[in-house]
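Listed here are the chains, written in short residue letters.
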Amino acid sequence: MLTGRNILLGISGGIAAYKTPQLVRLLKKSGAGVQVLATASALKFVSELSLATVSNHPVLTGIFPSHEAREDEYTRHIALGEWADAFVIAPATANTLARLATGLCDDMLSLCFLTLRPGKPVLIVPAMDGHMYDSPSVQRNLATLRAQGCRLMEPESGSLASGQCGLGRMPEPETIFEALTGMLAAPEASALCGKSVVVTAGPTREKIDGVRFLSNYSSGKMGFAIAANAARRGARVHLVTGPVNLPTPSGVERIDVESAVEMLEAAQPLFGECDLFIGAAAVADYRPEAPVEGKIKKNEAEMEIRLVRNPDILAEFATNRKLGQLAVGFALETAGGIDYARKKLADKKLDLVAFNVYDGRTSGFEVDTNALTLLARDGGVTELPLLPKEEAAARLLDAVESLLPR
Ligand SMILES: Cc1cc2nc3c(=O)[nH]c(=O)nc-3n(C[C@H](O)[C@H](O)[C@H](O)COP(=O)(O)O)c2cc1C
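From a predicted model like this one, the values you see are computed outputs, not experimental measurements.

J.: Would you explain the UniProt feature "binding site: CTP" (unreviewed entry) in the protein in this entry?
T.: As recorded in UniProt, the feature "binding site: CTP" (unreviewed entry) lies at Asp 285, Lys 295, Pro 311, Asp 312, Ile 313, Leu 314, Phe 330, Lys 344 and Lys 348. Considering the C-alpha atoms alone, the annotated residues occupy 64 residues of sequence and remain spread out, their largest mutual distance being 38.2 Å. Restricting the annotated residues just mentioned to those that line the largest pocket leaves Asp 285, Pro 311, Asp 312, Ile 313, Leu 314, Phe 330, Lys 344 and Lys 348. The topology assignment puts Lys 295 in the loop between strand E14 (286-288) and strand E15 (307-309). Aside from chain neighbours lying at most four places away, what touches Lys 295 is Asp 209, Val 211 and Arg 212. On the basis of relative accessible area, Lys 344 is assigned to the buried category, the value being 13%. Filtering out sequence-adjacent residues up to four positions away, Lys 344 remains in contact with Leu 314, Phe 330, Ala 331, Lys 349 and Leu 350. Reaching out from Lys 344, the side chain makes a polar contact with the backbone oxygen of Phe 330 at a distance of 2.6 Å.

J.: What's the story with the side chain of Gln 35 in this structure? I'm lost.
T.: Checked against the element boundaries, Gln 35 lands in strand E2 (residues 33-38). Overall, the relative accessible area of 8% leaves Gln 35 in the buried class. Setting aside its immediate chain neighbours within four residues, Gln 35 contacts Ile 7, Leu 8, Leu 9, His 57, Pro 58, Val 59, Leu 60, Leu 80 and Trp 83.

J.: Sorry if this is basic, but what is going on with the layout of surface pockets here?
T.: Once rolled over the atoms, a probe with the size of a water molecule shows which space is left empty. The space that makes up the largest pocket amounts to roughly 1000 Å³. If you go around the largest pocket, you meet 42 residues; those closest to its centre are Ala 281, Ala 282, Val 283, Asp 285 and Lys 344. For the lining of the largest pocket, the secondary structure elements donating two or more residues are helix H10 (221-232), strand E13 (276-279), helix H12 (313-320), strand E16 (326-333) and helix H13 (338-347). For the lining of the largest pocket, the residue count by class is 18 nonpolar, 13 polar and 11 charged.

J.: So what exactly am I meant to see when it comes to the sheet that holds strand E3 (residues 86-92) here?
T.: The strands making up a sheet associate through backbone hydrogen bonding, with each pair oriented either parallel or antiparallel. Taken in spatial order, the 5 strands make up an open sheet running E2-E1-E3-E4-E5, and their pairing is parallel. Edge positions in the sheet fall to E2 and strand E5 (151-152), since each has one partner strand and no second. As judged from the 2 bridges shared by strand E4 (residues 122-126) and E5, these two strands associate in the parallel manner. The residue of E5 that forms the bridge with Leu 123 is Arg 151. The strands that helix H1 (residues 20-29) touches are strand E1 (6-11), E2 and E3; relative to E1, the one it contacts most, it runs at about 175 degrees. Here helix H5 (residues 94-102) sits on the sheet and contacts E3 and E4; the angle it forms with E3, its principal contact strand, is near 140 degrees.

The rules behind the values
Residues numbered from 1 in each chain as written. Predicted model: local features only at pLDDT ≥ 70, side-chain atom pairs only at ≥ 80, totals over all residues. Heavy atoms only, no water. UniProt positions renumbered as here; feature names shortened; annotations may be inferred. 1 Å grid on protein atoms, 1.4 Å probe; cavity = no way out; pocket = protein on both sides within 12 Å on 5 of 7 lines; lining within 4 Å. Helix = DSSP H or I, 4+ residues; strand = E, 2+ residues; numbered from the N terminus. Contact = heavy atoms within 4.5 Å. Buried < 20%, exposed > 50% of the residue type's maximum accessible area, 1.4 Å probe, protein only. Polar contact = N/O pair within 3.5 Å; in protein donor to acceptor, adjacent residues only side chain to side chain. Points joined across faces, edges and corners; volume = space filled by probe spheres on them. Nonpolar A, V, L, I, M, F, W, Y, C, P; charged D, E, K, R; others polar. Pairing = 2+ DSSP bridges. Axes fitted to C-alpha atoms, helices over the stretch in contact; angles between N-to-C directions.

Pasting the structure below:
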């Protein structure tokens, strides 16, 4: 199944490391070449000899070669970044997650994480005590890695090494193996492979004066997840984003803008050549008609700001597109509103609308999950459950693929 594929397996120092020789065996059995990169802590939990034997390669830990090193060993980290078709990190400790999220690279695992070529799939399998996993620092690092395009596997619930029962167990090697083979399914199998995709994401900022603006709560997470997933499917992706605090997903070309007008100006030159436009940005509908230079002083008891309509970027694309170009939009409402989404689909002649409700907790802006209802141009309705945004993005792109001409 993985014949000819090369896998970097990063192992960090969690108790679940004892399961990794079995993962190596599964990978080898399916025909993959495996290079194990174990942290020094990992080797306290699993034997180096076992890993070297089952992978048929020495295990790499430190970055500095020995005195007797061959010439090619000095730049081995770079060669491995090119050699690998995928990188699995299992188990990923809280410590390793933090190091990967911040770009530290003082051992072979973290160094190769940086040399891995853009667009190559990364599967991270965190495993730790449930309280550690839920801590804000770990969650922040996971969000950073997710936004970079890494696929994260949720830890499972069950009995833990601590003797307690709860969330934190590493999934079994068979489950990890299955997830990896799914990610490595030939990109040619995706209708998006080789296609050009433009995604807009995030909020826009509409200037009131030199220090103030109108905006909304969009975090950009949904659009970034879509861009990351499309790139993994082999698409060439341009991501035009308003101000967000997210790293660029690997393999994605990013253009930063502030206002709706700037977003249109950045996206418009890409319209002609793209096969698919996905408007996931929360573009402000209105902007102040006459933004003031400098800061407005508080002289009056009341003030009025006259607003004018912003350009409708998605409609602009949809009405001027060529035959075969697909247009996908989002409709976010605070309650109900599916009829509005249907109207948007029809009025703008879109191919698909992803309708979601903003409830301020689990779905819509800022949070990491979303519950989408996909309305297709042929009347098809697919109600997706509440999913991590990466998963929701994948399901959205599955639906888009079925509409793309092969
Ligand atoms: C017995 C024991 C078990 C541990 N299990 C875990 C674990 O499951 N997950 C985790 O994130 N850290 C765990 N730790 C803490 C890590 O080993 C520690 O943070 C270490 O610095 C990780 O280094 P590394 O990320 O470079 O491998 C454990 C520590 C001990 C002593």
